[in-house]
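Descriptive analysis of the structure
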Amino acid sequence: MDEFAPFTSKLNRPIESKNVEFQRLGRLKHIINAAQLTPELLQTLCRTADTIRRLAKHRSGNDALRNLLSDKRAMLYFTQPSTRTFLSFMAACQILGLTCNEVRDPKTSSEVKRESRMDSIRMFSSYFDIIIMRSLAKDFAECCAYLMNRLEEQEKRSVPVINAGSGSDEHPTQALLDYYTIDRSFDFDERTDGVESRLPDLKADYPDLISGVGHKTYAFCGDIGRGRTVRSLARVLSQFPGTSMFFVSPDHEALKLDNDLRQELIRQGVSVQEFDTLEADVNGRPLIEQIDCLYMTRIQREHNSESTESELQQLDLEPFRLTVDRVNRVKSYAPILHPFPRDSVVGEIPVEVDSDPRAMYFRQARNGMWVRAALLVHLFDVADRLHEAEVGLLRS
Ligand code: NCD
């Protein structure tokens, strides 16, 4: 029996009509896909994350944060491996005082007694106030959101659903933390905390450079076809004016940019180009020297069929690996990101690169904790109380 059957007719609709159902009164009700992260919402969440960081620097700020959601409980239902997403959500919950519980191995749940996953979800919603979930099944999180909406219509208990990674499809909260990291990297202006503008110095070498996420060239390198983080981040960035994207992947059907995403990005006005090496010639100069941001990814071997596995064994991955020499040729302000985990055998980013100031991936992972806390503040609608806590701290 197809447990998603009651909702499959809802899956093949335009994303705009779906997303209306995932929000309420101008706020997110569930977060299922990256198209929900509009520029306005991204700004709101990033500024909320900044506030949480500031409060977390002080003991009394931490106490106030821990009070915000201390009456709530979260279920982390992660049936696919995870280190960072799981732990950063858990840490985010702990910062805000939520109690966390987890199911990671369905063999320890009644799913071994042939309970359907949809029944598991409904049980979680009986005991907890939010469900944060990761699954290999592409549409599972989306169907759970529909289940919760249906329960709400029937005036039964219903809780928000967060998609923390669905198949090779979407990973919207990763896109949120990637965006936050990029936004901070491209904030060259003078800041309220007294940090001077870097723009005048940078303009000497890069006269056209401006602050902000728009008007930039992003390179995505590695497994473009199956990397859900690439798909979600590209969707988020496509909303900004003047965006160019270079997709750099081995010339293999499974790894290349898929046609749906290509068409979607082009429709959004993004300039899209595809290459098969970081050294590709772009208007007379190597690609690696011309980009404003580099997003590296690993080859997602868990999605390989036996034949793909043997075909991929034959590939030369050198053109997709970062080296110290390549990093030295990247623009001086250009952040290098990776959603992690990096593949320690392939070595798409060798550890020698970690000390370069452009290497953002560890900072990026920590940012995940702050923006996920901001997302919880938004979903539970306690931003006003957060701001009151900050005003209280400033007074004391
Ligand atoms: C990514 C994922 O799970 O999609 N990891 C993460 O959440 N940071 C990337 C990956 O597994 O390659």
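Everything numeric in this text was worked out from a predicted model, so none of it was measured.

Criteria and cut-off values
- Residues numbered from 1 in each chain as written.
- Predicted model: local features only at pLDDT ≥ 70, side-chain atom pairs only at ≥ 80, totals over all residues.
- Heavy atoms only, no water.
- Core = buried A, V, L, I, M, F, W, Y, C linked by side-chain atoms within 4.5 Å.
- Buried < 20%, exposed > 50% of the residue type's maximum accessible area, 1.4 Å probe, protein only.
- Helix = DSSP H or I, 4+ residues; strand = E, 2+ residues; numbered from the N terminus.
- Domains from an automatic or database assignment.
- Contact = heavy atoms within 4.5 Å.
- Expected span 1.5 Å × (residues − 1).
- Pairing = 2+ DSSP bridges.
- Buried area = accessible area lost by both parts, 1.4 Å probe.
- Salt bridge = Lys/Arg side-chain N within 4 Å of Asp/Glu carboxyl O.
- Polar contact = N/O pair within 3.5 Å; in protein donor to acceptor, adjacent residues only side chain to side chain.
- Phe/Tyr/Trp six-rings, centres within 6.5 Å; stacked < 30°, edge-to-face > 60°.
- Lys NZ or Arg CZ within 6 Å of the ring centre and 35° of its normal.

Counting residues in each nonpolar core, the largest one holds 79 residues, and the members touching the most others are Leu 96, Phe 220, Phe 247 and Leu 376. For this core, the leading source of residues is helix H14 (residues 361–379), giving nine residues. There are two domains that each give this core at least three residues, and those are domain 1 (5–170 + 367–395) and domain 2 (173–188 + 196–366). If near-sequence neighbours (up to four positions away) are discounted, Leu 96 is found in contact with Leu 65, Arg 66, Leu 68, Leu 69, Ser 70, Ala 373, Leu 376 and Val 377. One finds Cys 221, Leu 255, Ile 336 and Ile 349 within the second-largest nonpolar core, a separate group that totals 29 residues.

Here helix H3 (residues 39–55) contains 17 residues, and its C-alpha end-to-end distance of 24 Å stays within 8% of the 24 Å for a straight helix at 1.5 Å per residue. Of the residues making up H3, those classed as buried are Leu 41, Leu 42, Leu 45, Cys 46, Thr 48, Ala 49, Asp 50, Thr 51, Ile 52 and Leu 55.

Taken together, the five strands give an open sheet; going across it, the order is E9-E8-E7-E12-E13, and neighbouring strands pair in parallel fashion. In this open sheet, the two edge strands, each paired with only one partner strand, are strand E9 (271–275) and strand E13 (336–337). When strand E7 (residues 217–221) meets strand E8 (residues 244–248), the two strands line up parallel, connected through five bridges. For Thr 217, the partnering residue across the bridge sits in E8 and is Ser 244.

On domain assignment, one finds that the protein holds domain 1 (5–170 + 367–395) and domain 2 (173–188 + 196–366). Each of domain 1 and domain 2 has a C-alpha centre, and the two are 27 Å apart. In this assembly, 33 residues from domain 1 lie in contact with 25 residues from domain 2. For the pairing of domain 1 and domain 2, the buried interface totals around 2600 Å² over both sides, and the portion due to carbon and sulfur atoms is 55%. Sorting the residues of domain 1 by area buried against domain 2 places Arg 84, Ser 168 and Asn 367 first, and these three jointly supply 24% of that buried surface. For Asp 183, the salt bridge identified is with Arg 47, shortest N-O distance 3.7 Å. At the boundary of domain 1 and domain 2, one finds 19 residue pairs in polar contact (both at pLDDT 80 or more). Of all elements in the fold, only H3, helix H5 (84–96), strand E5 (130–135), strand E6 (161–166) and H14 reach the threshold of two or more residues within the side of domain 1 that touches domain 2.

This part is about the packing of aromatic side chains. Tallied over the entire structure, the rule returns 19 aromatic pairs. A ring pair is formed by Phe 4 and Phe 140, whose centres lie 5.4 Å apart and whose planes are at 25°; its orientation type is stacked. Within this pair, whereas Phe 4 is found in the segment before helix H1 (8–11), its partner Phe 140 is found in helix H7 (residues 140–153), the two being separated by 136 residues in sequence. The pair Phe 4 / Phe 140 is uniform in exposure class, with both members buried. Ring pairs connect the aromatic residues Phe 186, Phe 188, Tyr 206, Tyr 218 and Tyr 333, which therefore count as one cluster. Here the guanidinium or amino end of Arg 104 rests over the ring plane of Phe 86, the centre of that ring lying 3.8 Å away.

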